[in-house]
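The residues making up each chain are set out below.
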Amino acid sequence: MSHFAALLRPHIAGMPAYTPIEPFEVLSRRLGRLPHEIIKLDANENPYGASPAVRRALAELEFAHIYPDPESRLLRQALEDFCGVPRENLLAGAGADELIDLLLRVFLEPGDRVLVCPPTFGMYAFDARLNAGQVVNVPRRADFALDLPAIRRAVAEHAPKLLFLATPNNPDGSLPSPEEIESLLELPLVVALDEAYIEFSGAGALGEKASRLGEVTRRENLVVLRTFSKLAGLAGLRVGYGGFPGWLMPALWKAKQPYNVNVAASQAALAALQDRDYLEQSMHRLRLERDRLYEMLSEFEWLRPYPSRANFVLARVLGRSAAELKARLAQEHGILVRYFSAPGLEDHIRVSAGRPQHTEALREALRSMA
Ligand SMILES: *Cc1c(COP(=O)(O)O)cnc(C)c1O
């Protein structure tokens, strides 16, 4: 190793890397299958892809040679119309992931604490460490419910500045109750609700009844994050947004990269918002498929699926290795599911809702392994 490596910030040099899912082209080569022959149920992407309106908007993209609007004005105006939050309280980002990192960047001094409730989305803890923060873990109960008394104790003891909570939670798909969220908001910290899957929650046409996004103008410590990656099918373009209390906006504007949302992502997101029918249709199909997937997985004695309010189903694997199951599904059947080696999830797989034929293919594959 170069002796210049000693110049690196020690907390980054010593950090384990995030393990993202593998890109399609790499998988395709490794599995010896064409991309369209692979059944990709490992990243909660929309199997129907983006709306035709989005594809047209991208084909007609005019200003790829011009820097994007640093304030994403058109997109934020469209988001205001879409979700009813004033654009002054909205910020767009290169995916919700960028906004998670941005929040941590504006809040954390080295050693400051961030509360997370694992098992959950890995980026909260990862980005907290990347930003020299310390992660305070308050594990969920065995059924993935929040442990509110333990959260209160951890807040009193460690005084974290921020709490991240996915609603519904990834990877199990559970949705905390309004009362639980209410009691978190009473704590002396900023609560960042990650609504990446809220549209699938079944409360309202696009999840609006369960969403807290509309409250960010009234609640001083509430942040709500959203994404175009999952329902709108724009994961590859990297675009998300968040609603924030007014006092936080100036810090976010200063700290974000000026051209964080590129012109293609911005155009695509605008077109996706204009094709609301497509979003609602995708939501219906995927919720139906999630429920079929749950039923299908329940047919197997050696699988214990959890009820989910998102577009995926987590299942416990009994009496055999979940890691091996994942590997065999990929190698022998070209079906990709997610496996986590994280504590509490070693014997679980998570399967995204796909098209009906994907559920059938998975059923056949599982039967052949019984
Ligand atoms: C997928 C996911 C995200 C990432 O969203 P991007 O907009 O693609 O960055 C954020 N939060 C959760 C809980 C997710 O599962």
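Since the model is a prediction, treat every value here as computed from it, not as a measurement. (Residues numbered from 1 in each chain as written. Predicted model: local features only at pLDDT ≥ 70, side-chain atom pairs only at ≥ 80, totals over all residues. Heavy atoms only, no water.)

**Q** Lay out the overall build of the protein with the relevant residues and their values.
**A** Secondary structure summary: the protein contains 13 helices and 13 strands in total. In summary, the protein has a C-alpha radius of gyration of 21 Å against a globular reference of 21 Å for 370 residues, a match within 12%. Dimensions along the principal axes, computed over C-alpha positions, put the protein at roughly 55 × 55 × 55 Å. Going through the 370 residues of the protein one by one, you find that 53% of them count as buried. Of the roughly 16,900 Å² of accessible surface on the protein, 54% is carried by carbon and sulfur atoms. (Helix = DSSP H or I, 4+ residues; strand = E, 2+ residues; numbered from the N terminus. Rg over C-alpha atoms; globule rule 2.2 N^0.38 Å. Buried < 20%, exposed > 50% of the residue type's maximum accessible area, 1.4 Å probe, protein only. Areas by Shrake-Rupley, 256 points an atom, 1.4 Å probe, with all protein chains shown as cover.)

**Q** Which residues make up the packing of aromatic side chains, and what values do they have?
**A** Within a pair of aromatic rings, the relevant descriptors are the distance that separates the centres and the angle that separates the planes. For the structure shown, the criterion picks out nine aromatic pairs. Their ring planes at 80° and their centres at 5.0 Å tell us that Phe144 and Tyr306 sit as a pair that is edge-to-face. Of this pair, Phe144 sits in the loop between strand E4 (134-137) and helix H7 (148-158) while Tyr306 sits in the loop between strand E9 (303-305) and strand E10 (312-317), placing them 162 residues apart in sequence. With a relative accessible area of 4%, Phe144 lands in the buried category. You can call Tyr306 buried: its relative accessible area is 19%. Where Phe228 meets Tyr241, the ring centres are 5.6 Å apart and the plane angle is 50°; that geometry is what we call tilted. Separated by 13 residues along the polypeptide, Phe228 in the loop between strand E7 (222-227) and strand E8 (240-243) and Tyr241 in strand E8 bring together distant segments of the chain. In this structure Phe228 comes out as buried when scored by relative accessible area, which is 4%. On the accessibility criterion, Tyr241 (3% relative accessible area) is buried. Each residue in the set Phe121, Tyr124 and Phe164 is aromatic and connected to the rest through ring pairs, giving one cluster. Directly above the ring of Tyr48 sits Arg285, whose terminal nitrogen or CZ lies 4.1 Å from the centroid. (Phe/Tyr/Trp six-rings, centres within 6.5 Å; stacked < 30°, edge-to-face > 60°. Lys NZ or Arg CZ within 6 Å of the ring centre and 35° of its normal.)

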